Amino acid sequence: MSRLIVVSNRVAPITEGEPTAGGLAAGVMDALRQKGGRWFGWSGSVVPDMVTPPLPVTEQRSGPVSLYTMDLNQGDYDAYYKGFANGTLWPVFHYQAGLSRFDWAEFAGYRRVNGRFADALLPLVAPQDVVWVHDYHLLCLAEALRARGAGNRIGLFLHIPFPAPALLMNIPAHAELMAAMVQYDLIGFQTEPDRQAFADYVQREMGGEARAEGVLAVGGRVLRTGVYPIGVQDDLLRAEAAQDSPPVAALRDSLRGRALVMSVDRLDYSKGLPQRFHAYERFLAENPAWHRRVEFAQIAVPSRSDVQAYQEIRRELEGEAGRINGRFAELDWTPLRYLNRSFARRDLMPMYAGAQVGLVTPLRDGMNLVAKEYVAAQNPADPGVLVLSRFAGAARELDAALLVNPHDEQGMAAALLQALEMPLAERRERHAAMFAAMRHNSLDRWRDRFERDLRQPAALPAVA
Ligand SMILES: O=P(O)(O)OC[C@H]1O[C@H](O[C@H]2O[C@H](CO)[C@@H](O)[C@H](O)[C@H]2O)[C@H](O)[C@@H](O)[C@@H]1O
Ligand SMILES: O=c1ccn([C@@H]2O[C@H](COP(=O)(O)OP(=O)(O)O)[C@@H](O)[C@H]2O)c(=O)[nH]1
């Protein structure tokens, strides 16, 4: 039997109900629980350099999912995760080249860790299995597996945007990176512009040829590319949204009838939090009639806190939250609640349900599952309004949201007012359109389409 072997840097906690660090882990766990499979990744623990590889692989089981994890030693973690993946690739792929740094030694460390993943993975993979790799941490994994003799079909799904070639070429190792990427059999993207940017580079810089829709021939290899927007499990989420719990009750009681604007993000510069804070400040300044009648809750979960750019954005936001509250707060009204902590998703869902506005305004985002979760949580008879950045992957499907440019403070302030004052009929109409789009590209569809295309070499690539 041919099994599905999933590989990603971040894996979900195996215990249900624990907060999940980001959309990849949430999405993959939900998808794997349905059908079962093997999932290999980093344990999240870093051990001293004197512990030398190969590091042991630990197995845990949760229902039909077998989770295999491995620690990283400090040197590998620094070069691979903190260095090349999150110090170089993440900013460039999110169109923030100015925040990117590059070091050949870190790139070598990134390749070395991709090799360590390959070494640990090989004993778990039978020749007939298919391997589904996730995200930018493992762009060189297919190359490492092939160098070790693996003949399996190997696919990559990129959860984050893929940059235009001119931007990608800011990375001095762009040619090495792309030569490794074309060792995959199938590469999936969140949106068509991401797929097109990849194909443009292959054609223009590598002499590749686009043969049929999405099929690329390059350097003696044929690989397929497709668009597979990640989704959510709306039935599960709707059930979670209907539950009450102590944090949800505490939030509701504290609002005392005020409207709630809500945002939930990892504390990441790509999420556009300072711009969002400034737009809310402008909204308050321009609309005194809304003072005491609205509160904005920003949940910002600390993330990658040992990377300098993340430390800087955290400091900036603490200052801005204090300043905005200092400017507008009254003894009995705090206009902005800023929380640096995480919640279990089953607690977030009823909070979304009670929020009149979901404010999701990243500068760039591969997809943004919070936007889809917000739509899933709403009561169709009296739904809230999603204000969504046009630069989130989710905006391509949820185009009935109030779409905003996160760099346009005035536009965002106006959208907030429009959302808070939107008539019921328009809210229902917009929500129905978004709900249908969200349901169509479900999490099951994402997994099934990618797995089907990965297993069928001859099948035509996907167009979402
Ligand atoms: O693993 P971390 O460094 O703690 O970061 C968390 C995850 O962040 C990113 O998530 C992305 O995947 C989501 C689901 O497809 C998508 O909606 C979002 O737009 C992406 O940013 C990252 O890509 C993951 O690898 C991280 O695990
Ligand atoms: O306190 C929190 C904050 C976020 N999330 C989940 O983390 C994911 C975030 O995914 P998204 O695609 O929005 O962004 P990412 O963090 O992956 O860039 C969503 O499923 C959220 O529900 C969570 O479980 N607890």
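Calculation notes
- Sequence positions are assigned chain by chain, starting from 1 and proceeding in written order.
- Lettering for chains starts from A, numbering for ligands starts from 1, and both go in the order in which the items are written.
- Per-residue local features are limited, in this predicted model, to residues with pLDDT of at least 70; the limit for side-chain atom pairs, both in listing and counting, is 80 or more; totals at the level of whole chains, interfaces and linings are taken over all residues.
- With hydrogens and water stripped out, all remaining heavy atoms of the structure feed into the side-chain values.
- A molecule or strand has a residue near it when one of that residue's heavy atoms lies within 4 Å.
- In the analysis that follows, any N or O atom pair within 3.5 Å is treated as a polar contact, provided that within protein one partner can donate a hydrogen and the other can accept it, and provided that, for residues neighboring in sequence, both atoms belong to side chains.
- Per-residue accessibility takes into account occlusion by the displayed protein chains alone, with areas from the Shrake-Rupley method and a 1.4 Å probe.
- Secondary structure elements are taken from DSSP: a helix is a run of H or I of four residues or more, a strand is a run of E of two residues or more, and numbering for both begins at the N terminus.
- Note on residue categories: nonpolar means Ala, Val, Leu, Ile, Met, Phe, Trp, Tyr, Cys or Pro, charged means Asp, Glu, Lys or Arg, and polar means any other residue, Gly included.
- As a per-residue measure, pLDDT reflects the predictor's confidence and takes values from 0 up to 100.
- Every residue pair with non-hydrogen atoms within 4.5 Å of one another is taken to be in contact.
- Exposure categories follow from relative accessible area, calculated using a 1.4 Å probe and restricted to protein chains: below 20% of the type maximum is buried, above 50% is exposed, and the middle band is partly exposed.
- The rule for pairing is simple: two strands pair if DSSP sees at least two bridges between them.
- Structural elements are reduced to axes, namely lines fitted to C-alpha atoms, with helices fitted over the stretch in contact, and the angle between N-to-C directions of any two is expressed from 0 to 180 degrees.
- Aromatic rings from Phe, Tyr and Trp, taking only the six-membered ring of Trp, are treated as a pair when their centres fall within 6.5 Å; an angle between ring planes under 30 degrees marks them as stacked, one over 60 as edge-to-face, and anything in between as tilted.

## Quick word on the site of ligand 1
Line of reasoning, step 1. As a matter of local geometry, ligand 1 sits amid 21 residues, with Tyr81, Asp135, His159, Arg304 and Asp365 nearest to it.
Line of reasoning, step 2. Residue Arg10 places a side-chain N or O atom 2.8 Å away from an oxygen atom belonging to ligand 1.
Line of reasoning, step 3. Between an oxygen atom of ligand 1 and a side-chain N or O atom of Asp365, the distance comes to 2.5 Å.
Line of reasoning, step 4. With the chains in place, 97% of the 560 Å² that ligand 1 exposes on its own is no longer accessible.
Line of reasoning, step 5. Looking at the shell around ligand 1, the elements that each hand over two or more residues are helix 1 (23–35) and helix 2 (74–93).
Line of reasoning, step 6. Among the residues making up the shell around ligand 1, the classes are represented as nine nonpolar, seven polar and five charged.

## Comments concerning the site of ligand 2
Line of reasoning, step 1. Of all residues adjacent to ligand 2, which total 16 residues, the nearest are Gly23, Arg266, Phe343, Leu369 and Glu373.
Line of reasoning, step 2. Interatomic distance of 2.7 Å between a side-chain N/O atom of Arg266 and an oxygen atom of ligand 2.
Line of reasoning, step 3. At 2.8 Å from an oxygen atom of ligand 2 is found a side-chain nitrogen or oxygen belonging to Lys271.
Line of reasoning, step 4. In terms of residue count, the dominant contributor to the shell around ligand 2 is helix 13 (residues 369–377) (three residues).
Line of reasoning, step 5. Of the residues contributing to the shell around ligand 2, the split by class is seven nonpolar, five polar and four charged.

## Some details on the confidence of the model for the protein chain
Line of reasoning, step 1. Here the protein chain averages 95 in pLDDT, while 97% of its residues score no lower than 70.
Line of reasoning, step 2. Scored below 50 in pLDDT, residues 459–463 makes 17 contacts in the model with residues more than four places away or belonging to other chains.
Line of reasoning, step 3. If you check the scores for this complex, the pTM reads 0.96 and the ipTM reads 0.98.

## Examining the environment of Arg116
Line of reasoning, step 1. Mapped onto the secondary structure, Arg116 falls in helix 3 (residues 104–121).
Line of reasoning, step 2. Exposure remark for Arg116: the relative accessible area of 24% places this residue in the partly exposed category.
Line of reasoning, step 3. Along the primary structure Arg116 and Pro53 are separated by 63 residues, whereas in three dimensions their C-alpha atoms are 8.0 Å apart.
Line of reasoning, step 4. In contact with Arg116, other than residues within four places in its own chain, are Pro53, Met70 and Asp76.

## Some thoughts on the sheet that holds strand 13 (residues 336–339)
Line of reasoning, step 1. Strands sit in the order 13-12-11-14-15-16 across an open sheet of six strands; the sheet is parallel. The open sheet has two free edges, formed respectively by strand 13 and strand 16 (402–404), since each of these has just one partner strand. Neighbour to neighbour, the strand axes of the sheet diverge by 20 degrees on average, direction disregarded.
Line of reasoning, step 2. Alignment of strand 15 (residues 385–389) against strand 16, held across three bridges, turns out to be parallel. Its bridge partner lying in strand 16, Val387 is registered against Leu402.

## Comments concerning the packing of aromatic side chains
Line of reasoning, step 1. Using the criterion set out here, one finds 28 aromatic pairs in the structure.
Line of reasoning, step 2. Ring centres of Phe162 and Phe198 lie 5.4 Å apart, and the angle between their planes is 80 degrees; on these two criteria the pair is classed as edge-to-face. Taken as a pair, Phe162 in the loop between strand 6 (153–157) and helix 5 (165–168) and Phe198 in helix 7 (residues 192–206) lie far apart in primary sequence, 36 residues in all.
Line of reasoning, step 3. Judged by relative accessible area, which is 1%, Phe162 ranks as buried.
Line of reasoning, step 4. Looking at Phe198, the relative accessible area reads 0%, which means it is buried.

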